[in-house]
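Next come the chains, spelled out residue by residue.
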Amino acid sequence: MLTEEEARRLVLAEINDARGDVAYDLQILRVEALSFGWIFYWGAVCDDQSGRRPRLGGNGPFLVDRENVRLIRTTTSAPVTRQVADYERRLRREAHARNAAAKKPPRNAAMAADAAANPAPDPTPAPVAERP
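A short tour of the structure in this document, coming up. Residue numbers run consecutively from 1 along every chain, following the written order of its sequence. Only residues with pLDDT of 70 or above have their local features reported here, since the model is predicted, and side-chain atom pairs are shown and tallied only from 80 upward, although totals for entire chains, interfaces and linings are computed over all residues. Only hydrogens and water are removed before side-chain values are computed, so all heavy atoms of the structure are retained for them.

### Quick look at the side chain of Asn59
Note the cut-off: For the purposes of this entry, the term helix denotes a DSSP run of H or I that reaches at least four residues, the term strand denotes a run of E that reaches at least two, and both are numbered from the N terminus. Any N or O atom pair separated by 3.5 Å or less is treated as a polar contact, with the protein-specific requirement of one donor-capable and one acceptor-capable atom, and with residues adjacent in sequence counted only for side-chain atom pairs. In what follows, a contact means two residues having at least one pair of non-hydrogen atoms within 4.5 Å.
Relative to the helices and strands, Asn59 resides in the loop between strand 2 (37-44) and strand 3 (62-65). Here the side chain of Asn59 touches Trp42 through a polar contact of 2.9 Å, landing on its backbone oxygen. Excluding anything up to four places from it in sequence, Asn59 contacts Trp42, Gly43 and Thr76.

Right under this line is the structure:
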């Protein structure tokens, strides 16, 4: 399980990788706690001369799942709230699949139990008794 500080380090590493040819300093601007982890908003540091923050393209926030140790980069083309809701649905589907798999006996065990309960007939022919 991740702490917020560990999640912050993961996000900063991703931001550093995403820097490319960007001439601005990049930083985490805001962090919000979510039911499964955090959302990290990031962008450029304010320009010293104008006091404005330069606009960047493609700097969608990062979702960090503390339980599954996942870092998900969101897009800027869809609302963040929808992307968070989509991820929460994904987590519910994954939990449901895990629960269903835990209730179902392993396939080989089920086949072995069935074979023990219903033995197959012996394929070798019965010996023929000889007559005197």
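Read on for the rest.
### Notes on the pattern of salt bridges
Applied cut-off: A carboxyl oxygen of Asp or Glu within 4 Å of a side-chain nitrogen of Lys or Arg is what we treat as a salt bridge. For each residue, the accessible area found with a 1.4 Å probe, counting protein chains only, is set against the maximum for its type, and the residue is called buried under 20%, exposed over 50%, and partly exposed in between.
Applying the stated criterion to the full structure yields 6 salt bridges. A salt bridge links Arg8 to Glu4, with the shortest nitrogen-to-oxygen separation between them at 4.0 Å. Placement of the pair is Arg8 and Glu4 together in helix 1 (residues 4-18), with a separation of 4 residues, close to one helical turn. Residue Glu4 is classed as partly exposed on the basis of its relative accessible area, which comes to 33%. Across the pair Arg30 and Glu32 runs a salt bridge whose closest N-O atoms are separated by 3.1 Å.

### A look at the sheet that holds strand 2
Hydrogen bonds between backbone groups are what pair the strands of a sheet, and the pairing can be parallel or antiparallel. Put simply, the test is: By definition, two strands form a pair when at least two bridges between them are found by DSSP. Interaxial angle, 0 to 180 degrees, is taken between N-to-C directions of lines fitted to C-alpha atoms, where a helix line uses only the stretch in contact.
Within the open sheet, the 4 strands sit side by side as 1-2-3-4. Their pairing is antiparallel. At either end of the open sheet lies a strand with only one pairing partner, and these are strand 1 (26-33) and strand 4 (70-73). With direction set aside, neighbouring strand axes in the sheet form an average angle of 25°. Strand direction decides the pairing type here: strand 1 and strand 2, joined by 7 bridges, are antiparallel. Of the residues in strand 2, the one forming a bridge with Ala33 is Trp38.

### A word on the nonpolar core
For clarity, the threshold we go by: What we call a nonpolar core is a set of buried Ala, Val, Leu, Ile, Met, Phe, Trp, Tyr and Cys residues that are connected through their side-chain atoms within 4.5 Å.
Grouped together as the largest cluster of nonpolar side chains are 12 residues: Leu2, Ala7, Val11, Ile15, Leu26, Ile28, Trp38, Phe40, Trp42, Ala44, Phe62 and Val64. Of all the elements, strand 2 adds the most residues to this core, at 4 residues. Contacts of Ala7, omitting those with residues within four sequence positions, involve Leu2, Trp38, Phe40 and Val64. Ranked by size, the runner-up nonpolar core spans 8 residues in total, among them Phe36, Ile39, Leu63 and Val84.

### Observations regarding unusual backbone geometry
Of note, Val69 is a non-glycine position whose phi angle comes to about 50°, a positive value. Within the secondary structure, Val69 is located in the loop between strand 3 and strand 4.

Honestly, it's all geometry; don't read function into it.
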